Amino acid sequence: MRITHCWDCGRSDLNDAEHETCPACGWIICPTCGACTQFGCFSNTPVTSLYERQRYRKLWLELPADERPDAKNWVTIVYNRERKKKHEEELMALSRLDKILSDAQRCGVIHVAYGRGEIVSIERKSSFCTLHVSFENGKEADFLYPSSFTDGFLAVSTPRME
Ligand SMILES: [Zn+2]
Ligand SMILES: [Zn+2]
């Protein structure tokens, strides 16, 4: 029986009789933090939690054996892939919201309580902006964009037929 300690969390009773070994590197997988070999395999930073290490190991095992890249590089590959996807999704969400905003400027807005209004000005911050709206009933109000749209509080009005 092999007995060792975990290089990451320090757990000292790791043994191959009781604990699983990593199918990629052969080291005992620490049940507390999920680490296997140090500076390699699924223990690489930025993956540092038990859940993430299990997830990365599982993703690698799901690939057909002859398509698995070197497990040492796997964390970097998946991390970059997922970060890129997240970035693309953020850009798409932003362009969807930009479209809403330009429609709102063009067509005006409808508020659940105040009725129809026109966007008078837009003050941009990094990830949101404030819409200053003047309503037909004489009221004026500020709204945070995009939250005022995404929760349905403020809606883009349909263009008026001439
Ligand atoms: Zn550990
Ligand atoms: Zn490993």
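A quick note: this is a predicted structure, and the numbers were derived from the prediction, not measured.

Rules of the game
Residues numbered from 1 in each chain as written. Chains lettered and ligands numbered in written order. Predicted model: local features only at pLDDT ≥ 70, side-chain atom pairs only at ≥ 80, totals over all residues. Pairing = 2+ DSSP bridges. Helix = DSSP H or I, 4+ residues; strand = E, 2+ residues; numbered from the N terminus. Axes fitted to C-alpha atoms, helices over the stretch in contact; angles between N-to-C directions. Domains from an automatic or database assignment. Nonpolar A, V, L, I, M, F, W, Y, C, P; charged D, E, K, R; others polar.

Caption draft 1: Molecular detail of the sheet that holds strand β7 (residues 154-156). With antiparallel pairing, five strands are arranged side by side in an open sheet as β6-β5-β4-β3-β7. Only two strands of the sheet have a single partner each, and these edge strands are β6 (140-145) and β7. Strand after strand, the sheet turns through a mean of 40 degrees between neighbouring axes, direction not considered. Inspection of the sheet shows strand β3 (residues 109-111) paired to β7 by three bridges, in the antiparallel sense.

Caption draft 2: Spatial organisation of the domain arrangement of the protein. The assigned domain composition of the protein is domain 1 (3-68) and domain 2 (72-162). The distance between the C-alpha centroids of domain 1 and domain 2 comes to 43 Å. Looking at the side of domain 1 that touches domain 2, its residues break down into seven nonpolar, two polar and no charged.

Caption draft 3: Spotlight on the pairing of β6. Across six bridges, the pairing between strand β5 (residues 129-135) and β6 is antiparallel. Its bridge partner lying in β6, Thr130 is registered against Leu144. Counting the residues between successive antiparallel strands, the hairpin from β5 to β6 contains four residues, one of them, Gly138, with a positive phi of roughly 95 degrees.

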